[in-house]
Structures are given as structure tokens and as C-alpha cells.
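Residue-level listing of the chains:
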Amino acid sequence: MRVFTEETLDTETIVSELLDGVGAVTLRGLFTPAEIAEARDIVMRESDADERGRKVTHFQGNAEKAGRINLQRRVWNLLGKGEIFSRMAAHPAIMKVMRAFIGSEFIMGSIAANRILPGGPGQEPHIDYPYWDFHSPETHPARINATFPLNAQATIMLDPFTEETGATAFVPGTQRELHYPDESDRFFERCERMLGEPGDTVIFFGAVWHCAMPNRSSIDRSAIITQYLPKFVKPMEDMPAALPAEFVKNASPDIRQLLGLNYPYPEVLDAARGGNAEGRDAMKAR
Ligand SMILES: O=C(O)CCC(=O)C(=O)O
Ligand SMILES: [Fe+2]
């Protein structure tokens, strides 16, 4: 995986790496140790309080069957749980990459933490929202494909991501052919790992086959997992509904964009302000 810093950030190369290359890149040095420690403290506190692992999670069917789902815990709605998460979501380097990859008016579909406790289980190999149910391709449009992206993921590591701790596994290049991996794809024989240190940020196209892996170490493995989407894709989390009204009212322009507030549809058009609202002239007036 190629590594970029804010100084060497080259969005053209990153876009082609995500679409035509391995499907993932590392951004290094975006966050200070103090910022990572602050985020980690909140994630640990919130997930310690969820001892039974009662929050909804995804791609954990086997762990649920085995009664081990509490060793992998999610913390949802992070924007409401600390200002640090707004800073992470709207980091200028991440914003720059996302604008180039999924369009300047992109939104955020979800921001959550994924903590895998020592002994915790891995996930089913999968692809991410909105492709996450592509195991049933007939529910998607004819000829849908991955020549252009409908998703981008950012994983901000809060702990060392090693083979032992359960660093995310992925099969390089598999984003090029839109396909939900199955047994015959031999995912676990072919996969590589998204390795890194606390503070490293992996940006990947969610169409690449991937999954969290079991944590065989004695330390926790947590990350902030943010999903970014083109402006017209229905987000996974209803963030404006989950956040306090005050938060939404006082949100910065970048956070407003990420919350989808710049793109007002669906709207009750029968009750909307009259006059012309779309078209080149309307754009100019905005
Ligand atoms: O935590 C990880 O390593 C990956 C999580 C993931 O891919 C997901 O939940 O969709
Ligand atoms: Fe995923």
C-alpha cells in the first residue's frame, strides 16, 4: 500500500490507486498522539459501558452464533460523543482526497468506532455500504459496476494494527470487479493486511473485499471507521436525527456538508418555497 503525508498528498495518484490499483492507501501523520489518545479514551469508555456488546454490528454472523459478539464492540454516532471526532471526520487532507474521489459535495454516511477486544472475532469478508448486500445482486441496478465509486472508507487507527491484533484484511485489486466474496474466492488464502501505527489513516474503496480479523493479541484493537458517500447516496446513519439540535445548528460548513444538509432531498416539494430551485441559474444564485 502506498503511503502519503499531507506534504506528499497527490489526489490524482490516490484516485487511480483506489480505482485501478490495490484499492487502498495510507495517509500518515494527520493526527497528533494527543488527538489519538483523546479519541481512544472516549471509545474505550463508551465501549466498556457496553459489556454485553448490545449495539448493532455488521458482518458478525459467526460471532453471534458462537455467543462471542461482545468481544467486538461498536460505538455509533461519534460526532455527538466528542469534538475530536468532528476534527477527524473533516480533516483537511481527508476532505481533499474525498472531494477528488467521490465529488466535491460528498457526504458522510456513518462515523463509528470498531473495537476488537483480545480474543475477539473477525468479520465475514464483505464489501461496504451501499454494496454491502451485493450478495443479492438482483436488488441492484442492471450493469452496476465499480468503474466509479459510490463509497470511500477511512480507518483511523487508535491502536497498533498488526497481524496479531486483527488489522483489517483485504484482497488487493478486487474492487475492480464488483463482487461480494464467497467461499470459492479463497479470501483468507489471498488476503493482505492494512498494517499501521496509531494515528495512521487508511483510505479505501469499500468495493475491495475486506474484513476485520480476529484479535489474537493481549491488547485492544480499535479504529474510527468513517464512511463517505457521493451526495446522492442515502446515508447509512441518520446523523442529523441522532445529534442534538444545537449540534446541527452550530455545525461548521464542512460538518454541515458531511451531514448532508447542503443537499436537501428528499423534500416535501408541495410545501417548499416557490420559484425555480434547480438549474444553472439557481446554482449561481445559491
Ligand atoms: O474494523 C475493521 O477492521 C473493519 C471493519 C469493517 O470493514 C466494517 O465494519 O465494515
Ligand atoms: Fe467493511
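Please read all numbers here as calculations on a predicted model, not as lab measurements.

Peer 1: Which parts of the structure should I look at to understand the overall build of the protein?
Peer 2: Across its full length, the protein holds ten helices and ten strands. A globule of 286 residues ought to have a C-alpha radius of gyration of about 19 Å, and the protein, at 19 Å, matches this closely. In terms of overall dimensions, the protein has C-alpha extents of about 60 × 40 × 40 Å along its principal axes. Counting the 286 residues in the protein, one finds 41% classified as buried. Summarising the internal contacts of the protein: among those between residues at least 6 apart in sequence, 81% fall at separations of at least 24.

Peer 1: Hey, could you run me through the environment of Thr162 in this one?
Peer 2: Residue position: Thr162 is located in the loop between strand 5 (152-157) and strand 6 (169-170). In the structure, Thr162 is positioned 55 residues away from Ser217 in sequence and 9.3 Å away in space, judged by C-alpha atoms. Thr162 has contacts with Ala167 and Leu195, leaving out every residue within four places of it along the chain.

Peer 1: What is the right way to look at the nonpolar core in this model?
Peer 2: Generally speaking, nonpolar side chains in soluble globular proteins are found buried as a group. Membership of the largest hydrophobic core comes to 65 residues, with the highest contact counts inside it found for Ile203 and Ile224. Ranked by residues supplied to this core, first place goes to strand 4 (residues 107-116) with six residues. Non-local contacts of Ile224, meaning those with residues more than four positions away in its chain, are made with Ala39, Leu78, Met88, Ile111, Ala113, Ile156 and Leu158.

Peer 1: Please explain the environment of Tyr263 as it appears in this structure.
Peer 2: By the element assignment, Tyr263 lies in the loop between helix 9 (253-258) and helix 10 (280-285). Given 13 C-beta atoms within 10 Å, Tyr263 falls into the partly exposed group. Each C-alpha atom, one on Tyr263 and one on Ile94, is 20 Å from the other, the two residues being 169 residues apart in sequence. Apart from residues no more than four positions distant in its own chain, Tyr263 is found in contact with Glu105 and Lys231.

Peer 1: Help me understand the site of ligand 1 in this model?
Peer 2: In the vicinity of ligand 1, the contacting residues are His58, Asn114, Asp128, Thr168, His210, Cys211, Ala212, Ala223 and Ile225. Elements supplying a minimum of two residues to the shell around ligand 1: strand 9 (210-211) and strand 10 (221-229). Residues that form the shell around ligand 1 fall into these classes: four nonpolar, four polar and one charged.

Peer 1: What's the story with the pairing of strand 3 (residues 72-75) in this structure? I'm lost.
Peer 2: Regular strands place side chains that alternate from one sheet face to the opposite one. By the alternation rule, side chains of strand 3 split into Gln72 and Arg74 and Arg73 and Val75, which are all buried. Strand direction decides the pairing type here: strand 3 and strand 4, joined by four bridges, are antiparallel. Considered in strand 4, the bridge of Val75 is made with Ala113.

Peer 1: I keep staring at the pairing of strand 8 (residues 201-204) and nothing clicks. Help me out?
Peer 2: Here strand 8 shows two buried faces, one formed by Thr201 and Ile203 and the other by Val202 and Phe204. Where strand 2 (residues 24-27) and strand 8 come together, four bridges link them in antiparallel fashion. Residue Thr26 lies in a different strand from strand 8, and its bridge partner there is Val202. Sheet topology places strand 5 next to strand 8; four bridges connect them, and they run antiparallel. Its bridge partner being in strand 8, Thr155 is matched across the sheet by Val202.

Cut-offs applied
- Residues numbered from 1 in each chain as written.
- Chains lettered and ligands numbered in written order.
- Predicted model: local features only at pLDDT ≥ 70, side-chain atom pairs only at ≥ 80, totals over all residues.
- Helix = DSSP H or I, 4+ residues; strand = E, 2+ residues; numbered from the N terminus.
- Rg over C-alpha atoms; globule rule 2.2 N^0.38 Å.
- Buried ≥ 20, exposed ≤ 12 C-beta atoms within 10 Å, placed from the backbone.
- Contact = placed C-beta atoms within 7 Å.
- Core = buried A, V, L, I, M, F, W, Y, C linked by C-beta atoms within 7 Å.
- Near = placed C-beta within 6 Å.
- Nonpolar A, V, L, I, M, F, W, Y, C, P; charged D, E, K, R; others polar.
- Pairing = 2+ DSSP bridges.

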